[in-house]
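# A closer look at the structure
The residues making up each chain are set out below.
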Amino acid sequence: MTGKAWAGQRADVELRLFACLATCAIGLLFWLYGSGQDLSSLFWTNRDFANYWIASKLAMEGHVLDLFSGQDIYFARMQEVFGQDYPWHNWSYPPHYLLLVLPFGLLPYVASGIVFQLATLALFLHAASLARAPEARGYWLLLLPFIVCNLHLSQNGFLTAALMLYGLSLRFRRPLLAGVAIGLLTIKPQLGLLLPILLLLERRWQTIAAAALSAGLSMALSALLFGVDTWTGYVGHNLPYQTIVMTDFGGFFLHLMPSVYGAARSLDLDAATAMALHLPVAALAIVAFLYLAWRLETPEARSLSLLFATFCIAPYSLLYDLGALCVLAAAENARERMLPQGQGRRWRMLMLAAVCLLPVLALPFSLAGLPIAPAVLLLGWAAAVVPLPERKAVNAAPPRG
């Protein structure tokens, strides 16, 4: 099959998947609003998207500072809308995140949530298509666990994964667009903490400049639209409170954290002990990332290594943040299918597939007292970068005439 034919087939798979989900979502909307369902029940409102919707409403109504004036003020606003029995939620995003979610406050809550997930899913599917996996069955199938996870939690994982994938996939072909995506990824800075290092090592000067300009302009625009006080409030209230959440709070969200820190906290270890266990792993991950950034020959391999390193280093990330890693792991798994048979090849494919399954498997294992995510990430990283004899043989083989 030619490259153009394969690209067309891949686009067709994306289109069918999105069309199927869009049709189901539109049908769900008609059924919900026509059947008298209680759309204000906790079943619908106790979702992470509630934060984005409330934030956009507050911004449009002139109460944007309520997002950046302390947890008590923000949560009181949520209870005004969703009721006094509404469970705890907090606002943790910087002001320029509002630029990306502001229009969603124009729709009713449930409709807005569905539109948000569909719009960001379409963006994610397009960005995932840039991974350019060779023809192999199972590539898109391995992305379904992440898609299901993000839809279930109603999070922004599709959006942040798309920004990361655009930044990594376009940094050589469209460096300015890659930089814009990386700049916007500062809405979740822990996900892009290694990107500046990789770009410097690769001397991607245009991408670095575009990323800095994109981040700076989006922050300046948010300050212009919402006021400089939103940024001082974010630094003075939101960041310290998020630190308290990470160190002092317990509960369900700890089981969604794939880091060593998250695994230790999910086993009821205190924050200091959990961080003491996490830091040596993070330090080794930094060293390994730097070494591999010099040694790995292809941009795809360096991108995949960066994503593995990111989730081994960052103590606070969640399963719905794994989208870009799942895409590149699935693409690498697909490439492995094109290699000759071998024991190493099977092990590599198994571990890469396990990484793609983490968004749905890590939670039940963690709830059962077996936080497997850190081990799967480390083994998956090793599988992705350790050279295998069959891969060397293919790389050394002369091209076909």
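Because the structure is predicted, anything quoted here is derived from the model rather than measured.

### Quick notes on empty space enclosed by the protein
Empty space among the atoms becomes visible once a probe the size of a water molecule is rolled across them. The final tally for this structure, using the stated rule, is four cavities of 30 Å³ or more. In this model, the largest cavity occupies a volume close to 60 Å³. The wall of the largest cavity is formed by Leu 67, Gly 70, Gln 71, Tyr 74, Trp 91, His 237, Asn 238 and Tyr 241. Elements that contribute at least two residues to the lining of the largest cavity include exactly α4 (71–82) and α12 (228–248). If one sorts the elements of the lining of the largest cavity by residue count, α12 sits on top with three residues. When the residues that make up the lining of the largest cavity are grouped by side-chain class, the tally is four nonpolar, four polar and no charged.

### Details of the pattern of salt bridges
This structure, assessed with the given rule, holds six salt bridges. Salt-bridge contacts for Arg 77 lead to Glu 80; the nearest nitrogen and oxygen are separated by 3.5 Å. Here Arg 77 pairs with Glu 80, and both are found in helix α4, just three residues apart, close to one helical turn. Glu 80 gets classed as exposed once you look at its relative accessible area, which sits at 58%. Glu 332 is the salt-bridge partner of Arg 335, the closest N and O atoms lying 3.2 Å from each other. Separated by three residues within a single helix, Arg 335 and Glu 332 lie in helix α16 (residues 323–336), roughly one turn from each other. Classification of Glu 332 as buried rests on a relative accessible area of 10%. When salt bridges that share partners are traced, they join Asp 66, Arg 77 and Glu 80 into one network.

### Observations regarding the confidence of the model for the protein chain
Mean pLDDT over the protein chain stands at 88; residues scoring 70 or higher make up 87%. Predicted confidence is poor over residues 392–401, with pLDDT under 50, and the contacts of this stretch with residues over four places away or in other chains come to three contacts.

### Considerations on helix α8 (residues 157–169)
In a regular helix each residue adds 1.5 Å, so 13 residues correspond to 18 Å; α8 covers 18 Å between its end C-alpha atoms and thus fits that length. Of all the 13 residues making up α8, 13 are buried; the element is thus mostly covered by neighbouring parts of the structure.

### Here we look at the environment of Arg 295
Here Arg 295 is to be found in helix α14 (residues 271–295). In this structure, the C-alpha to C-alpha distance between Arg 295 and Val 385, residues 90 residues apart in sequence, is 9.9 Å.

Procedures and definitions
Residues numbered from 1 in each chain as written. Predicted model: local features only at pLDDT ≥ 70, side-chain atom pairs only at ≥ 80, totals over all residues. Heavy atoms only, no water. 1 Å grid on protein atoms, 1.4 Å probe; cavity = no way out; pocket = protein on both sides within 12 Å on 5 of 7 lines; lining within 4 Å. Points joined across faces, edges and corners; volume = space filled by probe spheres on them. Helix = DSSP H or I, 4+ residues; strand = E, 2+ residues; numbered from the N terminus. Nonpolar A, V, L, I, M, F, W, Y, C, P; charged D, E, K, R; others polar. Salt bridge = Lys/Arg side-chain N within 4 Å of Asp/Glu carboxyl O. Buried < 20%, exposed > 50% of the residue type's maximum accessible area, 1.4 Å probe, protein only. pLDDT = per-residue confidence, 0-100. Contact = heavy atoms within 4.5 Å. Expected span 1.5 Å × (residues − 1).

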